[in-house]
Amino acid sequence: DSGGSCSFESDTCSWKTSKKDWERLNGFVKSRTSDDYNSFYMELKAPPGKEVSMELKFSDLKDIDLSKAENLMCIHVYYYIEIKKTSSLEDNTVVGIRWIEKEQSLKIQTKNITATQVEIEDNLGKWATISMNFQAKSKTILEIYGKRQLEETLVVVDDITIYDRECQVNGNCDFETGNI
């Protein structure tokens, strides 16, 4: 794993977090790429109601070409949310991506998904994705954040990929150029 991309199989790559907030684990969630429970991922461990994040500073990366900073880049994250209660869902369980730019002025862009949205999309207890465009500069910080409503709620992220292009929109087809 390199360039901000991480499958968490050997470590947390360049992503920084506190073990009390997120923990690298395996064995509880079935891998999205294989039919076993051996793959590693990051599980949200913070107390219910506390939003926590793991962060990536672009200045820490050696193999990202910041000359492409004029173009938008894409971060793509797999997440898994499992609600282990039978009563109604609360929108206080969330997974998201935050882009913070500290160059001239503070610029923050956020994209997240709530447990209610996950349920509507029929993705509870399934791997799903969230992506966001951002502009990479030396002082860019990416954060993946999460918050859960209940102790029993499982929130997991895995397979973070950073692309040196804009995010592709699912279902978008341009027959003129052949881009699907």
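Located above this text is the structure these notes cover.
Attention in this report is confined to the structure presented alongside it. (Residues numbered from 1 in each chain as written. Predicted model: local features only at pLDDT ≥ 70, side-chain atom pairs only at ≥ 80, totals over all residues. Heavy atoms only, no water.)

Moving on, we get to the nonpolar core. Counting 35 residues, the largest nonpolar core has Trp 15, Ile 75, Tyr 79, Phe 134, Leu 142 and Val 157 as the members making the most contacts within it. Looking at this core, the elements with two or more residues in it are strand S2 (41-44), strand S3 (52-57), strand S4 (73-82), strand S5 (94-101), helix H1 (115-120), strand S7 (127-134), strand S8 (140-147) and strand S9 (154-163). For this core, the element with the most residues is S4, which contributes five residues. Setting aside chain neighbours within four positions, we find Tyr 79 in contact with Val 95, Ile 113, Val 118, Glu 121, Lys 126, Trp 127, Ala 128, Thr 129, Ile 130, Val 156 and Val 157. Counting residues in each nonpolar core, the second largest holds eight residues, with Leu 25, Tyr 41, Tyr 78 and Trp 127 among its members. (Core = buried A, V, L, I, M, F, W, Y, C linked by side-chain atoms within 4.5 Å. Buried < 20%, exposed > 50% of the residue type's maximum accessible area, 1.4 Å probe, protein only. Helix = DSSP H or I, 4+ residues; strand = E, 2+ residues; numbered from the N terminus. Contact = heavy atoms within 4.5 Å.)

So, on to the side chain of Glu 143. Structurally, Glu 143 can be placed in strand S8. A polar contact is formed between the side chain of Glu 143 and the side chain of Arg 98, at a distance of 2.7 Å. Discounting residues that sit within four places of it in the chain, Glu 143 has contacts with Trp 15, Ser 53, Met 54, Glu 55, Gly 96, Ile 97, Arg 98 and Ile 100. (Polar contact = N/O pair within 3.5 Å; in protein donor to acceptor, adjacent residues only side chain to side chain.)

For the rest of this paragraph, the subject is the environment of Lys 111. Checked against the element boundaries, Lys 111 lands in strand S6 (residues 107-114). Considering only alpha carbons, one finds Lys 111 and Ile 144, 33 residues apart in sequence, at a separation of 9.8 Å. Apart from residues lying up to four places away in sequence, Lys 111 is in contact with Gly 96, Ile 97, Ile 130, Ser 131, Met 132 and Tyr 145. Polar side-chain contacts of Lys 111 include one of 3.0 Å to the backbone oxygen of Ser 131.

Let us look at the packing of aromatic side chains. Across all of its chains, the model carries two aromatic pairs by this definition. With 5.5 Å between their ring centres and 55° between their planes, Tyr 80 and Trp 127 make a pair best called tilted. Of this pair, Tyr 80 sits in strand S4 while Trp 127 is found in strand S7, placing the two residues 47 residues apart along the sequence. What makes Trp 127 buried here is its relative accessible area of 18%. Lying across the ring of Phe 40, Arg 24 places its NZ or CZ 3.9 Å from the centre. Over the face of the ring belonging to Tyr 145 we find Arg 98, whose NZ or CZ atom lies 4.0 Å from the ring centre. (Phe/Tyr/Trp six-rings, centres within 6.5 Å; stacked < 30°, edge-to-face > 60°. Lys NZ or Arg CZ within 6 Å of the ring centre and 35° of its normal.)

For Thr 93, the location among the structural elements is in the loop between S4 and S5. When its relative accessible area of 1% is taken as the criterion, Thr 93 is described as buried. Placed 60 residues apart in sequence, Thr 93 and Thr 153 show a C-alpha to C-alpha distance of 8.2 Å. In contact with Thr 93, other than residues within four places in its own chain, are Ile 81, Ile 113, Thr 114, Ala 115, Lys 147, Arg 148, Gln 149, Thr 153 and Val 155. From its side chain, Thr 93 meets the backbone nitrogen of Gln 149 in a polar contact 2.9 Å long.

Interpretation note: all reported values are geometric properties and have no functional meaning in isolation.
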